Every structure is written in C-alpha cells, then in structure tokens.
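Geometric and topological summary
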Amino acid sequence: MSDCLFCRIMRGEVPSKKIYEDEHTFAIEDINPQGPTHVLVIPKKHIAGLKEATAEDTELIGRCHLTAARIAKERSIEDGYRTVLNVGPRAGQSVFHLHVHLIGGRTLHWPPG
Ligand code: 5GP
Ligand code: ZN
C-alpha cells in the first residue's frame, strides 16, 4: 500500500534499522523501544492487522513468530521475552500493517497494562 508506513519502510522510502530479511518477512528495530530488545517482525504482504488476516495468511503469521524466536535466540534473551500483536486502537495498535513485537532483555510483568 502506497501510504502505509511499514510498506514504505519495506521499500526503503522511510529509513529504518533493518536487522533481518527473508522472502516473506523482515524485522526492524522499533523507533521507541520498550526494552533492551524491541524488534518489529513484519510480513512483506500488507495485512492491516490480525482481525483482517484470512486463512491464507496462516503460514505467514507463523513465520513472523518463528522469525521473532530466531532473533530472540540470537540475542540470548530466551530466559524471557514476549511476542505481541496489538489488535485494534484500544489495544494500542497504531500502525495498520500487521506486525509482531518482540520485546525482551528485561523482566516483563503480567498482566500487561
Ligand atoms: P503498534 O502500536 O501498531 O502495535 O506498533 C507500532 C510500533 O511501530 C510502535 O511500537 C512504534 O514505536 C513503532 N513505530 C512507529 N513509527 C515507526 C517508524 O517510523 N520506524 C520504526 N522503526 N518504528 C516505528
Ligand atoms: Zn503496509
């Protein structure tokens, strides 16, 4: 989508710190990190969010989580990290291109705020 922030980042029109890329997904450092590790794993396909995803996106959503797990292992934060999808504005979703937050490197409390 032409005016979507993450599509623009994917095309290199908006700068980002890209830390991973494969055929289906890429990952960038969050601009406003909520922990020592805060990475966004983003499918290259534009999907507005989890509630807009369809059965054909099943594998892609799984890939995003496995990419997050791989980055967590590389960063040695496997003692505790969280993968999060914020769904809808009331849950804090502000960018309407599906993305998995990978947050770790610190103690994470439950329930989240
Ligand atoms: P959401 O609030 O939609 O779940 O997550 C959007 C995330 O994107 C937020 O954590 C926010 O800090 C991050 N973000 C917003 N604009 C940019 C940007 O221009 N570059 C990067 N790297 N992250 C961004
Ligand atoms: Zn997009």
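Before any of the text, the structure's been laid out above.
**Focus: the coordination of the zinc ion (ligand 2)**
- Looking at the metal site, the zinc ion (ligand 2) is ligated by Cys-4 (SG), Cys-7 (SG), His-46 (ND1) and His-97 (ND1), spaced 2.0 to 2.3 Å from it.
- Of note is the zinc ion (ligand 2), whose four donor atoms meet at the metal with angles of 106 to 116 degrees in an arrangement that counts as tetrahedral.

**A look at the sheet that holds strand 1 (residues 18–21)**
- Spatially, 1-2-3-5-4 is the arrangement adopted by the five strands of the open sheet, whose pairing is antiparallel. The sheet is open, and its two borders are formed by strand 1 and strand 4 (81–84), each paired with just one other strand. On average, each strand axis in the sheet is tilted by 20 degrees relative to the strand beside it, whichever way the strands run.
- In terms of strand pairing, strand 3 (residues 37–43) meets strand 5 (residues 100–104) through five bridges, oriented antiparallel. Looking across to strand 5, one finds that Val-41 is bridged to Val-100.
- Against the sheet, helix 2 (residues 58–74) engages strand 1, strand 2 (25–29), strand 3, strand 4 and strand 5, with an angle of about 150 degrees to strand 3.

**Digging into the pairing of strand 5**
- Counting buried residues in strand 5 gives five out of five residues, a clear majority hidden from the surface.
- Of the two faces of strand 5, the one holding Val-100, Leu-102 and Gly-104 and the one holding His-101 and Ile-103 are both buried throughout.
- Sheet topology note: the strand 4/strand 5 ladder contains four bridges and is antiparallel. For Thr-83, the partnering residue across the bridge sits in strand 5 and is Leu-102.

Cut-offs used in this document
Residues numbered from 1 in each chain as written. Chains lettered and ligands numbered in written order. Predicted model: local features only at pLDDT ≥ 70, side-chain atom pairs only at ≥ 80, totals over all residues. Heavy atoms only, no water. Donors = N, O, S within 2.8 Å, 3.2 Å for Na, K, Ca; no water. Tetrahedral: all angles 85-135°; square planar, octahedral: opposite > 155°, others 65-115°. Pairing = 2+ DSSP bridges. Helix = DSSP H or I, 4+ residues; strand = E, 2+ residues; numbered from the N terminus. Axes fitted to C-alpha atoms, helices over the stretch in contact; angles between N-to-C directions. Contact = heavy atoms within 4.5 Å. Buried < 20%, exposed > 50% of the residue type's maximum accessible area, 1.4 Å probe, protein only.

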